[in-house]
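As a plain string of letters, each chain reads:
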Amino acid sequence: MRTMKAVCIYGYGGPEVLVYEDAPRPHPGDGEVLVRVHAAGINPVDWKIREGHLKEMLHHTLPLILGWDVSGVVETAGAGLTRLKVGDEVFSRPDISRDGAYAEFIVIKESDVALKPKSIDHLHAAALPLAGLTAWQTLFDAAGLAAGQRVLIHAAAGGVGHVAVQLAKWKGAHVIGTAAAKNHEFLRKLGVDQVVDYNTERFEEVVQPVDVVLDTIGGDTQERSWKVLKRGGILVSIAAPPAAATAAAHGVRQAFVFTQPNSGQLAEIARLADAEKLKVIVETILPLSDATRGQELSQRGHTQGKIVLRVI
Ligand SMILES: NC(=O)c1ccc[n+]([C@@H]2O[C@H](COP(=O)([O-])OP(=O)(O)OC[C@H]3O[C@@H](n4cnc5c(N)ncnc54)[C@H](OP(=O)(O)O)[C@@H]3O)[C@@H](O)[C@H]2O)c1
């Protein structure tokens, strides 16, 4: 049996349940590709799954390889492929119900894979799919954000936030972002029109009414966000499903998004990156064997941009 290095969990728990070991190398089935992983992005969902928070929803079988953000090269093609071939440089947010990308190889459905942006390296390309698709599906699919509209993006300096800021600006929106003071210059450089320090200001007191709120925090932040929406506006959350009754009481709409793989949207995101309309910021690069440290950093909740594992 051919093996590969991978980071697996055999049970749910803290960072100590992550095991760096030799695992069986997977084989692609029909309509799938085997990708040689060059880099894997770390996302909060990785440690949420590790801790068992999503086990009722995702029904994983253990052991499980974590990590659902990847950039690499097609190593082997399964039967019946329509677009991809061996040697293609690709990136993906793979199916989260299957083994992930903290590994030297991953099998992915062709329909979940796009050609990676040519102008950025694998380390940056691996940081883009999950955050990019999340920003796209919340701002454009769920909220229908249009030029001239006003959008409030919570945690604007984080993985999802810093990509959402740039997509919203590309669309022609007026962007307001929340962050701690240390991130304000970073956000201004990304094009944020109004920066709010969530530690010293109450955003609902300093933000004029908006058409869209992107809620990446939930809890009290979500509750206070209803007040900043224009009538008919929309609160889109990726943190916790907003209450339909509360939305109705405020005369606004609500949506919860759980990001889905989408190769067409990934191809659009790659085009924007190559056109220098979208820049992904990688704060920390660690070797695959240091996935534990990467998850601990992510779990602190103050990443600027993204954390990525270097596999090659
Ligand atoms: N539903 C889905 O499909 C989906 C998809 C992607 C992500 N998510 C979830 O969305 C959340 C954000 O994901 P992410 O990848 O962007 O996380 P992340 O990169 O870890 O976010 C870190 C950022 O959060 C900011 N932050 C922390 N507390 C804040 C607060 N109270 N107000 C404003 N900003 C705050 C930090 O800014 P400072 O350093 O300035 O404090 C930091 O820049 C996570 O819970 C993740 O699991 C869900």
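Because the structure is predicted, anything quoted here is derived from the model rather than measured.

Draft legend 1. Region of the structure containing the site of the ligand. Contacts to the ligand come from 24 residues, most closely from Lys48, Ala180, Lys182, Asn183 and Tyr198. Within the contact set of the ligand, an oxygen atom lies 2.9 Å away from a backbone nitrogen or oxygen of Val160. Contact between the ligand and His302: an oxygen atom at 2.8 Å from a side-chain N or O atom of the residue. Contact with the protein chains covers 86% of the free accessible surface of the ligand, which is 940 Å². Among the cavities detected, the one that contains the ligand is the largest pocket. A class-by-class count of the residues in the shell around the ligand yields 12 nonpolar, 10 polar and two charged.

Draft legend 2. Inspection of the sheet that holds strand β4 (residues 64-65) at higher detail. The strand order β2-β1-β4 describes an open sheet built from three strands, whose pairing is antiparallel. Looking along the sheet, the strands with just one partner apiece sit at the ends: β2 (18-24) and β4. With two bridges joining them, strand β1 (residues 3-9) and β4 adopt antiparallel strand pairing. Opposite Ile9, over in β4, you have Leu64 as the bridge partner.

Draft legend 3. Summary view of empty space enclosed by the protein. One pass over the full model with this rule turns up one cavity of 30 Å³ or more. In this structure, the largest cavity encloses a volume near 40 Å³. A breakdown of the residues in the lining of the largest cavity according to their chemical character gives three nonpolar, no polar and five charged.

Draft legend 4. Structural context of helix α4 (residues 129-142). Most of α4 sits inside the fold, with 12 of its 14 residues counted as buried. Considered for burial, the residues of α4 that qualify are Pro129, Leu130, Ala131, Gly132, Leu133, Thr134, Ala135, Trp136, Gln137, Thr138, Leu139 and Phe140. After α4 finishes, the residue Gly144 shows a positive phi value of roughly 60°.

Draft legend 5. How the structure looks around the pairing of strand β6 (residues 89-92). Examined bridge by bridge, strand β5 (residues 70-77) and β6 share four bridges and lie antiparallel to one another. Its bridge partner lying in β6, Val73 is registered against Glu89. In the sheet, β6 pairs with strand β8 (residues 113-115) via three bridges, with the strands oriented antiparallel. Bridge pairing links Ser92 to Val113 in β8.

Draft legend 6. Structural detail: the packing of aromatic side chains. By the definition in use, this model includes three aromatic pairs. Between Trp136 and Phe140 the ring centres are 4.9 Å apart and the planes differ by 80°, which places this aromatic pair in the edge-to-face class. Taken as a pair, Trp136 and Phe140 lie in helix α4 at a separation of four residues, close to a single helical turn. With respect to class, Trp136 is no different from Phe140; both count as buried. Between Trp136 and Trp170, the ring centres sit 6.0 Å apart and the planes meet at 35°, which makes this aromatic pair tilted. Of this pair, Trp136 sits in helix α4 while Trp170 sits in helix α5 (residues 159-171), and the two are 34 residues apart along the sequence. The buried category is assigned to Trp136, whose relative accessible area is 10%. Three or more aromatic residues link up through ring pairs in this structure, and these residues are Trp136, Phe140 and Trp170. Lying over the aromatic face of Phe140, Lys171 brings its terminal NZ or CZ to 4.7 Å of the ring centre.

Draft legend 7. Spatial organisation of the nonpolar core. Leu139, Val151, Ile153, Leu167 and Leu187 are the most contacted members of the largest nonpolar core, which has 49 residues in total. Looking at this core, the element that brings in the most residues is α4, giving six residues. Setting aside its immediate chain neighbours within four residues, Leu139 contacts Gly144, Leu145, Val151, Ala164, Leu167, Ala168 and Leu214. Listed in part, the 43 residues of the second largest apolar core include Ala23, Leu54, Ile65 and Leu286.

Draft legend 8. Quick peek at helix α11 (residues 291-300). Those residues of α11 not exposed but buried are Ala291, Gly294, Gln295, Leu297 and Ser298. Projected down its long axis, α11 shows its buried positions confined to an angular sector of 160°, all on one face. For α11, the secondary structure elements touched by its buried residues are β1, β2, β3 (32-42), α1 (44-50), β15 (282-287) and β16 (306-310). Within two residues after α11, Gly301 carries a phi angle of roughly 85°, on the positive side.

Draft legend 9. Examining the sheet that holds strand β13 (residues 229-237) more closely. Strand order in this open sheet of six strands is β11-β10-β9-β12-β13-β14, and the pairing throughout is parallel. Unpaired on one side and paired on the other, β11 (194-197) and β14 (253-256) mark the two borders of the sheet. Averaged over all pairs of adjacent strands, the angle between strand axes in this sheet comes to 15°, irrespective of strand direction. As judged from the five bridges shared by strand β12 (residues 210-215) and β13, these two strands associate in the parallel manner. By the bridge assignment for β13, Val210 is matched with Leu229. On the sheet, α4 packs against β9 (150-153), β12, β13 and β14 and is oriented at approximately 150° with respect to β13. Sitting on the sheet, α5 is in contact with β9, β10 (174-179) and β12, with an inclination near 170° to β9.

Criteria and cut-off values
Residues numbered from 1 in each chain as written. Predicted model: local features only at pLDDT ≥ 70, side-chain atom pairs only at ≥ 80, totals over all residues. Heavy atoms only, no water. Near = heavy atom within 4 Å. Polar contact = N/O pair within 3.5 Å; in protein donor to acceptor, adjacent residues only side chain to side chain. Areas by Shrake-Rupley, 256 points an atom, 1.4 Å probe, with all protein chains shown as cover. 1 Å grid on protein atoms, 1.4 Å probe; cavity = no way out; pocket = protein on both sides within 12 Å on 5 of 7 lines; lining within 4 Å. Sits in = over half its atoms within 2 Å of the grid points. Nonpolar A, V, L, I, M, F, W, Y, C, P; charged D, E, K, R; others polar. Pairing = 2+ DSSP bridges. Helix = DSSP H or I, 4+ residues; strand = E, 2+ residues; numbered from the N terminus. Points joined across faces, edges and corners; volume = space filled by probe spheres on them. Buried < 20%, exposed > 50% of the residue type's maximum accessible area, 1.4 Å probe, protein only. Phe/Tyr/Trp six-rings, centres within 6.5 Å; stacked < 30°, edge-to-face > 60°. Lys NZ or Arg CZ within 6 Å of the ring centre and 35° of its normal. Core = buried A, V, L, I, M, F, W, Y, C linked by side-chain atoms within 4.5 Å. Contact = heavy atoms within 4.5 Å. Arc of directions from axis to C-beta. Axes fitted to C-alpha atoms, helices over the stretch in contact; angles between N-to-C directions.

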